[in-house]
Every structure is written in structure tokens, then in C-alpha cells.
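Listed below, chain by chain, are the residues.
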Amino acid sequence: MAIQWFPGHMNLTRKAIAERIKDIDVVIEVLDARLPGSSANPLLQELTGHKPRLKVLNKQDVADPARTAQWLDWYNAQPETRAVALDASEPAPTRRLIEACQLLAPGRGGMAKPMRVLICGVPNVGKSTLINSMSNKGQAKTGDEAGVTKLEQRIVLADDFYLWDTPGMLWPRIAVEQSGYNLAVSGAVGRNAYDEELVALEFLRYAQRNYAGHLRERYKLTQDDAQMAAMPDDELLEAIGRKRGAVMSGGRVNLQKAAEIVITDFRIHNLGRITLETPQEYEEWFRQGMEADALRQAKKDARAKSKKGGRGPRKPPEAGT
Ligand SMILES: Nc1nc2c(ncn2[C@@H]2O[C@H](COP(=O)(O)OP(=O)(O)OP(=O)(O)O)[C@@H](O)[C@H]2O)c(=O)[nH]1
């Protein structure tokens, strides 16, 4: 696996969610609309049980709109789930989110039964931006809840709408390899957790087949779609490095620098509206990831079994040792 991540406070966040969840009416999971499958926490269902879920596909302004529509249909077809797409810097996303929560938990609302919402998401997905724009640029009351771990903050958005914020949470292991790459290129994973060249190459491999025009425009490349799709990814990275002046003395392209340029361009949206996965692709990657996981586990079990069986009776320690 090319991505090594260290989910740090993951266990504490998990504990905080487990403590809080019984008093929660709706769980909002903020997703990156450019990777709506990969940025979803595979442990969320386990952590939140059957609580209704609202998937917010954030950063829709920089995602491929046709694919965002596909993902909304895909999530809306799941039980106890609704999905909306938005741009966290929209002036008033609150109304839409409150309405979506009310549809998911129709019994809640009003002063007697305020809506209690837990919000979570991977780092860098835009959770803070969304909360700030929902709370009218920081006017909401924030503070640690008594008796709750300091990892959580309660934000009062209205007298009948409470939001509990959780820190950006990752999960212990990425079973879906492609998700690791997509999370890395999006900025959800710290820079020292992955090899930038590998991540940039993986991104280019996808973009050259699906968004050739975006690459051509940004990097002034001359290849047509078919030529671009057929280009080896390292040659493409080299061509981009050359176009962008990432050249060392002697004329060789600095591939590390070229990789950084590509990753940054994706992160700061210089490449146009790109979504790195369709629901069908994600389902396939997920299936492959689960299969690989099962195989890995079977091998591990077989090794443990043969170790146990082959060890034989333990010898008594020799005299003098
Ligand atoms: N284009 C666009 N950029 C966004 C949107 N929401 C957030 N961003 C940008 O994404 C970056 C990360 O946003 P944050 O709100 O800090 O993300 P976060 O999820 O709170 O990140 P952590 O604090 O690491 O958990 C910032 O540069 C934001 O300006 C959005 O809807 N559209």
C-alpha cells in the first residue's frame, strides 16, 4: 500500500462518537464531491448504527457536475440516507441542511425537541468552512460540552438546532487502494504519509483517460484525447514538468517537482472541475479491496496455523541458560 497514514486521535474520536450517538437524531457526513466514495468513512455505519445519515457532497463547485448528479442518486437510493451537494462557501447552506435533516428525523424540531446533529468528515473536506457559513461566520455559540470529551464541540445554530462537531477523522486502514490515492491527492492525508510521485502518477493515469481536455488546457499539451490516453503516465508527468519549467541543470525533468505541481493544481482547482470516481468505479474498487483483504486474512490465518502446528512441543531450557 503506497499510503501510510497515522489516524492519531481516531480512537478518541471514535469513543466520543460512541458516547454521543444515542442522543443524536441525524449524522451529517461531509464528503469531498470530487471523491464522494473514497472520502466516506467505511466505519460510519458501525459507529452510528441506524441513525439517519445526511451525506453532504461539499466542494460541488469544483467537482464534475454530471458525476455529482450520479453520486446524489447513488446515495439517495441507500436506506436511511439523503444526500445534498453544496459549496460550503454558499451564503446560506443552513436552510437546505435543516430541511434535509427534518426530512430524515420528522419527529424533531421546535424548542421542546431540538434537532441534534453530529457532523463528521475526513480532514480538509471543508467541514470548518461549512460550519462557519452555517453559523453565520462564527456568531454561533461554541464550547465544550460538560461530561463529553474535549474533542467535541457543540454549536447552537438556532434555538432548536444543535450541531456537535467532531475532528476530521480517518480510519485505521485503507482497504480500497485507489481511495488512498484519491484521499492523498485531495489533501485529506498529511504530505509525509505518501510518495508524491506515486500519487501524481495515479492521478494522471485517471485524468488522462477521463479529463484529457483539462490536462491539455492547463499544461498546453498538444496530444489529442487518444494520444493522451495512450501516453505512459511517467512520460506525461515528464511532459508536464517540462512545460512548467521543473527542469534540473543538464535538462532533466525534476519529477518530484512536477508531481508537486500536479497535486497542487488539483488541490487549488487549477485543472477545472474533476471528479476522481464514479459510483460504479468505486463499487468495483471496493469489491476488489474486500477480496484482497479476505485473501490477506486467509494467508495470515494459514501462516499462524502452520506456525502453531509446526512448532511442536516446547523444549525445556538447557542447563546453564
Ligand atoms: N472550492 C471550494 N473550496 C472549499 C469548499 N469548502 C472548503 N473549501 C476549501 O477547502 C479547504 C479546507 O477547508 P476546511 O474548512 O479547513 O476543511 P476541514 O474539513 O475543516 O479541515 P480540517 O480542519 O483539516 O478537518 C480550505 O482551503 C477551504 O477554503 C467548497 O465548498 N468549495
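This text goes with the structure placed above it.
This one's a predicted model, so the numbers in the text were calculated from it and none came from an experiment.

Asks: What am I meant to see in the site of the ligand here?
Replies: For the ligand, the set of nearby residues contains 15 residues, the closest of which are Asp 61, Ala 88, Lys 127, Ser 128 and Thr 129. In the model, an oxygen atom of the ligand is placed 2.9 Å from a nitrogen or oxygen of the Gly 126 main chain. With respect to the ligand, the backbone of Lys 127 contributes an N or O atom lying 2.9 Å from an oxygen atom. Within the complex, 66% of the 650 Å² of free accessible area of the ligand lies under protein.

Asks: Just to check I follow, could you spell out helix H4 (residues 94-104) for this structure?
Replies: Two residues of an α-helix separated by three or four positions point the same way, owing to the 3.6 residues in each turn. Taken together, the buried positions of H4 are occupied by Thr 94, Leu 97, Ile 98, Ala 100, Cys 101 and Leu 104. Across the axial projection of H4, the buried residues extend over an arc of 165 degrees, all falling on one side.

Asks: Teacher, can you tell me more about unusual backbone geometry here?
Replies: Glycine aside, residues mostly have negative phi, and peptide bonds are mostly found in the trans state. The backbone of Glu 80 shows a phi angle near 55 degrees, a positive value even though the residue is not glycine. Following the sequence through the fold, Glu 80 ends up in the loop between helix H3 (65-76) and strand E3 (81-85). In this structure, Asn 124 is a non-glycine residue whose phi angle is positive, near 75 degrees. Within the secondary structure layout, Asn 124 lies in the loop between strand E4 (115-121) and helix H5 (127-134). On the accessibility criterion, Asn 124 (47% relative accessible area) is partly exposed.

Asks: Is there a simple way to think about the side chain of Asn 182 in this case?
Replies: Positionally, Asn 182 belongs in helix H6 (residues 177-186). Since its relative accessible area comes to 5%, Asn 182 is described here as buried. A polar side-chain atom of Asn 182 sits 2.8 Å from a polar atom in the side chain of Glu 277.

Asks: Would you explain the pairing of strand E2 (residues 53-58) in this entry?
Replies: Each regular strand carries side chains that alternate between the two faces of the sheet. Burial of E2 is extensive: 6 of the 6 residues sit out of reach of the surface. Here E2 shows two buried faces, one formed by Arg 53, Lys 55 and Leu 57 and the other by Leu 54, Val 56 and Asn 58. Relative to E2, strand E1 (residues 26-32) runs parallel, the two being bridged by 6 bridges. Note on E2: the bridge partner recorded for Asp 32 is Asn 58.

Asks: For this particular structure, what's the right way to read the pattern of salt bridges?
Replies: Once the charged atoms of two side chains with opposite charge are near each other, the side chains can pair. Inspection of every chain in the model, using the stated rule, returns 16 salt bridges. For Arg 205, the salt bridge is made with Asp 233, and the minimal N-O distance between the two is 2.4 Å. Highlighted residues: Arg 205 in helix H7 (residues 196-210) and Asp 233 in helix H10 (residues 233-243), separated in sequence by 28 residues. A salt bridge links Asp 265 to Arg 244; the shortest N-O distance between them is 3.4 Å. Taken together, the residues span a long stretch of sequence, with Asp 265 in helix H11 (residues 255-267) and Arg 244 in the loop between H10 and H11 at a distance of 21 residues. Of the residues examined, Asp 265 reaches a relative accessible area of 4% and is grouped as buried. For Arg 244, a relative accessible area of 36% gives the class partly exposed.

What counts, and at which threshold
Residues numbered from 1 in each chain as written. Predicted model: local features only at pLDDT ≥ 70, side-chain atom pairs only at ≥ 80, totals over all residues. Heavy atoms only, no water. Near = heavy atom within 4 Å. Polar contact = N/O pair within 3.5 Å; in protein donor to acceptor, adjacent residues only side chain to side chain. Areas by Shrake-Rupley, 256 points an atom, 1.4 Å probe, with all protein chains shown as cover. Buried < 20%, exposed > 50% of the residue type's maximum accessible area, 1.4 Å probe, protein only. Helix = DSSP H or I, 4+ residues; strand = E, 2+ residues; numbered from the N terminus. Arc of directions from axis to C-beta. Pairing = 2+ DSSP bridges. Salt bridge = Lys/Arg side-chain N within 4 Å of Asp/Glu carboxyl O.

These values are about where atoms sit, not about what they do.
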